[in-house]
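Understanding the architecture of this molecule
Read off the chains here:
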Amino acid sequence: MAKLIVYYSRADENYFGDSMRYVEEGNTAKVARMLSEIIGADTFEIKQKTPYAKDYETCIKEAMADLQNNARPELVEWPENFEDYDEIYLGFPNYWGTMPMAVYTFLEKYTWLRKRVYPFATHQGSGLGHSLKDLRKPCRGAMIMKGLAVKGENVDKFPENVKLEVERWALYGE
Ligand SMILES: Cc1cc2nc3c(=O)[nH]c(=O)nc-3n(C[C@H](O)[C@H](O)[C@H](O)COP(=O)(O)O)c2cc1C
C-alpha cells in the first residue's frame, strides 16, 4: 500500500487560545511532519497561488469570501503520480466547520475510487466539523476512514502529547 500525506496549512499570524502569534510553520504542517515520521510516507503540501494574508484578521475575511463564493483557489503545483497512492492521509485546518477551499480544488482533480482516505484536522474547538461528510462528494468511491482532530494550540504547547495521539490514530486506529 503506497501512502501519501497531503496537507494544507498556513504559517504567519494565528490565534493560540490566549494570544495571537506569528509562526513559521502552521499547526497542520507540524502534525503532518509528526505523521510522516511515524508512518514514513511521502508528503505533499497543497499551496494556493494567491496565499491568504499574513495577518489573521485579513486572512479570516479572505477565507470567508472564498467559502461564500464556493471558490476553487488555483494551486501552485500537484503531486507526481498521484494515481499510484492508495492510502491518502489528508490534513487540513478546520475553516468554519469544513476544509479550506483550496483542499476542494485538490480533491476535485482526482478519481478516488478504491483509495482510502484518512482525514486529520487541526482546529480551535470544533474538531473535524462536518468535513467528513463534505469529503464524501469530491472523494466519491473512496473509503473515508476514522478521522483525527487535534486542537491547534496543543500542537505548539504539548507536542509530545500530540505525537502520541497521532501515533495511536495512525498505528492502531484509535
Ligand atoms: C479562516 C479560518 C477559519 C477558522 N475556522 C475555524 C472553525 O470554524 N472552527 C475551529 O475550531 N477553528 C477554526 N479556525 C482555527 C484553525 O482551524 C486552527 O487555528 C488550525 O490549527 C490552523 O491550522 P494551520 O496552522 O495548519 O493553518 C479557523 C482559522 C482560520 C484561519
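Reading the values: rules and limits
- Residues numbered from 1 in each chain as written.
- Predicted model: local features only at pLDDT ≥ 70, side-chain atom pairs only at ≥ 80, totals over all residues.
- Helix = DSSP H or I, 4+ residues; strand = E, 2+ residues; numbered from the N terminus.
- Rg over C-alpha atoms; globule rule 2.2 N^0.38 Å.
- Buried ≥ 20, exposed ≤ 12 C-beta atoms within 10 Å, placed from the backbone.
- Contact = placed C-beta atoms within 7 Å.
- Near = placed C-beta within 6 Å.
- Nonpolar A, V, L, I, M, F, W, Y, C, P; charged D, E, K, R; others polar.
- Axes fitted to C-alpha atoms, helices over the stretch in contact; angles between N-to-C directions.
- Parallel < 35°, antiparallel > 145°, perpendicular 65-115°, else oblique.
- Left-handed = near helix turned anticlockwise from the far one by under 90°.
- Core = buried A, V, L, I, M, F, W, Y, C linked by C-beta atoms within 7 Å.
- Expected span 1.5 Å × (residues − 1).

1. Examining the overall build of the chain
When you go through the chain residue by residue, the secondary structure sums to six helices and eight strands. Along the chain direction, N to C, the helices and strands of the chain fall in the order β-β-β-α-β-α-β-α-β-α-β-β-α-α. Against the compact-globule benchmark of 16 Å for 174 residues, the chain has a radius of gyration of 15 Å, which places it among compact chains. Here the C-alpha coordinates of the chain stretch approximately 40 × 40 × 25 Å along the principal axes. Counting over 174 residues, the chain shows a buried share of 34%. The long-range share in the chain, meaning contacts at least 24 apart out of those at least 6 apart in sequence, stands at 77%.

2. Overview of the site of the ligand
Lining the immediate environment of the ligand, one finds 21 residues, of which G26, T28, P93, T122 and G152 sit closest. Mapped by element, the contributors of at least two residues to the shell around the ligand are α1 (27-39), α2 (56-68) and β6 (116-123). Looking at the shell around the ligand, its residues break down into seven nonpolar, 13 polar and one charged.

3. A short note on the environment of P100
You can see P100 is positioned in the loop between β5 (87-93) and α3 (101-107). In this structure P100 comes out as buried when scored by C-beta crowding, with 24 C-beta atoms within 10 Å. A sequence separation of 92 residues divides P100 from Y8, and the C-alpha atoms of the two residues are 7.9 Å apart. Excluding residues that lie within four positions of it along the chain, P100 makes contacts with Y8, A63, F92, P93 and Y95.

4. Notes on the packing of α1 against helix α6 (residues 159-172)
Their axes nearest at 10 Å, the elements α1 and α6 cross at an angle of 50 degrees. Regarding the angle of α1 to α6, the classification is oblique. Classified by chirality, the crossing of α6 by α1 is right-handed. Residues V31, M34, L35, I38 and I39 of α1 form the contact with α6, whose participating residues are V162, K163, V166, E167, A170 and L171. Classifying every residue of the contact of α1 with α6 gives nine nonpolar, no polar and two charged.

5. Regarding the nonpolar core
Y7, V31, Y89 and V103 are the most contacted members of the largest nonpolar core, which totals 39 residues. Contributions of two or more residues to this core are made by β1 (3-7), α1, β5, α3, β6, β8 (148-151) and α6. The element that contributes the greatest number of residues to this core is α3, accounting for five residues. With residues up to four places along the chain from it excluded, the contact list for Y7 reads T28, A29, A32, E45, I46, G91 and F92.

6. Re the environment of I60
Position of I60 among the secondary structure elements: in helix α2. Among the residues examined, I60 registers 15 C-beta atoms within 10 Å and is labelled partly exposed. Separated by 24 residues in the primary sequence, I60 and D84 place their C-alpha atoms 35 Å from one another.

7. Looking at the environment of I46
Along the chain, I46 falls in the loop between β4 (42-45) and α2. We classify I46 as buried; it has 24 C-beta atoms within 10 Å. Between the alpha carbons of I46 and T28 there is a distance of 11 Å; along the sequence they are 18 residues apart. Not counting the four nearest positions on each side in its chain, I46 is found in contact with V6, Y7, Y8, L75, A102, V103 and F106.

8. Focus: α1
Compared with the 18 Å implied by 1.5 Å per residue over 13 residues, the 18 Å span of α1 between its first and last C-alpha is a close match. Taken as a whole, α1 has its buried residues at N27, T28, A29, K30, V31, A32 and L35. Immediately downstream of α1, the backbone of G40 shows phi near 65 degrees, a positive value.

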